[in-house]
Amino acid sequence: MLASITRLVSRSSISKPATRLYPAERREPYAAVRGHIRFIHDTCIFCTLCAKKCPTDAIVVDRKERRWTIDRRKCILCGSCVEACRKACLVCENERSAPFTQGSWDYMETHYDKDAGDAVGAVKPDEFTD
Amino acid sequence: MGKRTVIPFGPQHPVLPEPIHLDLVMEDERVVEALPTIGFVHRGLEKLCEKHDYIQMIYVAERICGICSFIHGLGYAQAIEEIMQIEVPERAKWLRTFWAELSRIHSHMLWAGLLADAFGFESLFMHSWRVREAIVDIIDETAGGRVIFGSCKVGGVRRDVEDKKLGEIRSKISEIEKQFDELYRVFDNDTTVHKRMDGVGVMTKEEAYSLGAVGPTLRASGVASDARLLNYGVYSELEWEPIVETAGDCQARCIVRLREIYQSFDLLRQVIDKIPAGPIEVDRIKGNPDGSYMSRLEQPRGEVCYYLKGNGGKNLERFRVRTPTFANIPPLVHMLKGVELADVPLIILTIDPCISCAER
Amino acid sequence: MSEVFEVTELEASKLAETAKQHRGEGYRLVQVCANRLPESFEILYSFDRKEQLVNYRVEVPAEGATLPSISESYLAAFAYENEIKDLFGIEVTGLVLDFGGNFLKTKVKTPFADAPPPPKKKIAVKKVAATEDAENSDAKEPAPKGPICEPAGPYVPQPGDDKAEESENKPADNTEEKKES
């Protein structure tokens, strides 16, 4: 049959397009989508478990300085940090992050402890033996 | 005897999804010999097992290739589970099969679009990818990412799919199948498609078997060999048979893959009907892998072998993947002898080259 | 339900005739895998017929490693053996289609040929370490005051900015600290 695709093509040329006018029109992402990692600094105890579990070393935690940083370019959205955190400080949101502009540092996100006067060392030493 | 010239094909070519280089020794318009060179996307992923421990290595395994990513992760997880004697719960095995078959459908539809683009049939290419979008949407909804699933782990799966959602997916699949029917009609009946692909790049049954071809490349020449016959996962409880064609040319390889899409739709329906309830992961994994195992799975492109060796430490000693595209390179070199120059891109595409798999 | 994995030891000299025998029996070549042990290379050959896998393990010393080729019986082996040559530096003799080291292009020649690093010794962490850490960190720096709990936001390092060099170094220091601990 010579033009067997005629029916398909004529139907698509009459109906409205299958694509949407991105970026003017955006789609609502599904609830299960792994978009970006969000850090809640209120409950963090700086145990550095999330940094240990991160396969790409995107999360860097300094216990002495009480600082938590993430390098979003290195994050592969595997969710290991979310599963490792005991205090539920890390959540995987479903919005994908915006593209990073060249020459700026907006891919690095840094958080400090809310009141660094708290006593550190609230972690049991068992966690560090592999 | 005509004059001999050498024409370099690749690594950049509009038809190739990934870079591979072939030196075509030509005599007038016919190819006498083809010499492949690979290594343009070699990332040395096998050596990363010295850096990441065996639980994190699954993320590396998943990212060997973007199109066939889930089954790479699944093969790695299965090999580790055999070495460490971990018993995976039933529901996890069925969910893994569900995602594996979705992965197969999306990969074959992507390939069908690329094949149509290779011989200039752009409207068929666009329509194939439009139908594929519906499948990728289902994957996005259930697993979290469009192509990198991130849902397989050592000891089970990481997220569950509710039964209500599985019911919705079952009805979506029936609609997608109806849309795919129209595409299959074009691939099967169109005169221009037949003129380009019939009788091109023929490989007989003995040649295909002895050269080590795997997957649809082998099944299109008449050999009923499918790694799912090894009954890994839950394939022993599903009704299916390997799809075989006998012509051995490009059209046969195309039809095998399209019929496999129908077979995967059927397998998905069986999986959704029969999936049991229960836990999706093992509670705790103790110890380190000690020993070696080779697990074999069926990827969309053929049979993949995962050889893992552990020596009691947290890091594996050796992580070796023998991907189907690597095994299909010798048959490709054989098929290219004696064909015309215009048929070369088409024949390369019919082995479904996933070069990032071939040189991890 | 899953298949059993068994490996038979084989001498390098008997490799060619074993391959020829299997070719006559109708086996196909599945894969050839090389591995670097501290003093030698071990190469695993796998053949398959009707979903039954047969594996052989050949060991050659690391210095001056040579291996006979099986590409006379199995033409498909040329791809695997050229790959072994390019990645591990094992010399394969008698190859039907020899690329001379140009099959797999890499920036560094024979990247996998080096011996694996020795296994790290396990360090047991004692209970004293945690409290010492607590006392030390309390004494060294006072807690920073002021609004600290906001994210840093986009940071563009200015040319004449000393703080830019400091903050640039800090993430690197943190990584090193984390790896030591």
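Above: the structure in question.
Thresholds, definitions, all that
- Residues numbered from 1 in each chain as written.
- Chains lettered and ligands numbered in written order.
- Predicted model: local features only at pLDDT ≥ 70, side-chain atom pairs only at ≥ 80, totals over all residues.
- Heavy atoms only, no water.
- Helix = DSSP H or I, 4+ residues; strand = E, 2+ residues; numbered from the N terminus.
- Areas by Shrake-Rupley, 256 points an atom, 1.4 Å probe, with all protein chains shown as cover.
- Lys, Arg positive; Asp, Glu negative; His and termini not counted.
- Charge placed at Lys NZ, Arg CZ, Asp CG, Glu CD.
- Core = buried A, V, L, I, M, F, W, Y, C linked by side-chain atoms within 4.5 Å.
- Buried < 20%, exposed > 50% of the residue type's maximum accessible area, 1.4 Å probe, protein only.
- Contact = heavy atoms within 4.5 Å.
- Buried area = accessible area lost by both parts, 1.4 Å probe.
- Salt bridge = Lys/Arg side-chain N within 4 Å of Asp/Glu carboxyl O.
- Polar contact = N/O pair within 3.5 Å; in protein donor to acceptor, adjacent residues only side chain to side chain.
- Nonpolar A, V, L, I, M, F, W, Y, C, P; charged D, E, K, R; others polar.
- Pairing = 2+ DSSP bridges.
- Axes fitted to C-alpha atoms, helices over the stretch in contact; angles between N-to-C directions.
- Parallel < 35°, antiparallel > 145°, perpendicular 65-115°, else oblique.
- Left-handed = near helix turned anticlockwise from the far one by under 90°.

Peer 1: How should the overall build of chain B be read in this particular structure?
Peer 2: A count of helical and extended segments in chain B gives 13 helices and eight strands. Seen along its three principal axes, the alpha-carbon backbone of chain B occupies a region of about 70 × 45 × 35 Å. For chain B, the computed accessible surface area is about 12,100 Å², with 50% contributed by carbon and sulfur atoms. For chain B, the centre of its 44 positive side-chain charges and the centre of its 53 negative side-chain charges are spaced 4 Å apart.

Peer 1: Even after reading the chapter, I still don't get the nonpolar core, so can you show me in this structure?
Peer 2: For soluble globular proteins, the rule of thumb is that nonpolar side chains tend to be buried together. Core analysis: the largest hydrophobic core is formed by 168 residues, its most contacted members being Tyr76, Trp99 and Phe319 of chain B together with Ile43 and Tyr45 of chain C. Ranked by residue count, the leading element in this core is helix H3 (residues 90–118) of chain B, at 16 residues. When residues no more than four places from it in sequence are discounted, the contact partners of Phe319 of chain B are Leu45, Glu46, Cys49, Met57, Ala61, Ile64, Tyr76, Tyr306, Tyr307 and Leu308 of chain B. Counting residues in each nonpolar core, the second largest holds 13 residues, with Cys44, Cys50, Ile70 and Leu90 of chain A among its members.

Peer 1: Looking at this structure, I do not really get the interface of chain B and chain A. What am I missing?
Peer 2: Accessible area lost during the coming together of the parts is what is often quoted as the interface size. Across the boundary between the two partners, chain B contributes 28 residues, which contact 26 residues of chain A. Interface of chain B and chain A: buried area, both sides summed, is about 2,400 Å²; carbon and sulfur atoms make up 44% of it. Our count for the chain B to chain A interface comes out at five salt bridges. A salt bridge links Arg158 of chain B to Glu83 of chain A; the nearest nitrogen and oxygen atoms lie 3.2 Å apart. In this structure, the connection of chain B to chain A is made through 15 residue pairs in polar contact (both at pLDDT 80 or more). Listing elements by their share of the side of chain B that touches chain A, those giving two or more residues are helix H4 (122–143) and helix H5 (163–189) of chain B. Tallying contributions element by element places H4 of chain B first for the side of chain B that touches chain A, with eight residues. Partitioned by chemical class, the residues of the side of chain B that touches chain A number eight nonpolar, nine polar and eleven charged.

Peer 1: It is not clear to me how the sheet that holds strand S2 (residues 59–62) of chain A should be interpreted in this structure. Could you clarify?
Peer 2: In sheet architecture, strand pairing relies on hydrogen bonds along the backbone and comes in two forms, parallel and antiparallel. All names here are of chain A. Across the sheet, which stays open at both edges, the three strands sit in the order S2-S3-S5 with antiparallel pairing between neighbours. Strands at the two margins of the open sheet, each flanked by one partner only, are S2 and strand S5 (108–112). Here the average twist between neighbouring strands, direction ignored, is 15°. Bridge count for S2 against strand S3 (residues 67–71) is four bridges, and the pairing is antiparallel. Residue pairing in the sheet places Asp62 in a bridge with Arg67 of S3.

Peer 1: What should I look at first to understand the packing of helix H1 (residues 6–14) of chain A against H4 of chain B in this one?
Peer 2: Packed helix pairs are specified by the crossing angle of their axes together with the interaxial distance, meaning the distance between the axes. H4 of chain B packs onto H1 of chain A with a crossing angle of 70° between their chain directions and a minimal axis gap of 11 Å. One finds that H1 of chain A runs roughly perpendicular with respect to H4 of chain B. Pair H1 of chain A / H4 of chain B crosses with left-handed handedness. Between H1 of chain A, through Leu8, Val9 and Ser12 of chain A, and H4 of chain B, the contact on the second element is made entirely by Ser123, His127 and Arg130 of chain B.

Peer 1: Looking at this structure, how should I read the sheet that holds strand S7 (residues 302–311) of chain B?
Peer 2: All names here are of chain B. The three strands are arranged S6-S7-S8 in an open sheet whose pairing can be described as antiparallel. The two strands at the open ends of the sheet, each matched to only one other strand, are strand S6 (290–299) and strand S8 (318–322). Between one strand axis and the next, the sheet turns through 10° on average, direction left out of account. Note that S7 and S8 share five bridges and pair antiparallel.

Peer 1: I'm lost on the pairing of S3 of chain A in this one. Help?
Peer 2: Consecutive residues of a regular strand have side chains that alternate between opposite faces of the sheet. Residues and elements named next belong to chain A. Counting buried residues in S3 gives five out of five residues, a clear majority hidden from the surface. The two faces of S3 match: Arg67, Thr69 and Asp71 on one face and Trp68 and Ile70 on the other face are all buried. In textbook terms, the turn of a hairpin is the stretch between consecutive antiparallel strands, and for S2 and S3 this stretch comprises four residues, one of which, Arg66, has a positive phi near 55°. Of the strand pairs in this sheet, S3 and S5 are connected by five bridges, and their pairing is antiparallel. Bridge pairing links Trp68 to His111 in S5.

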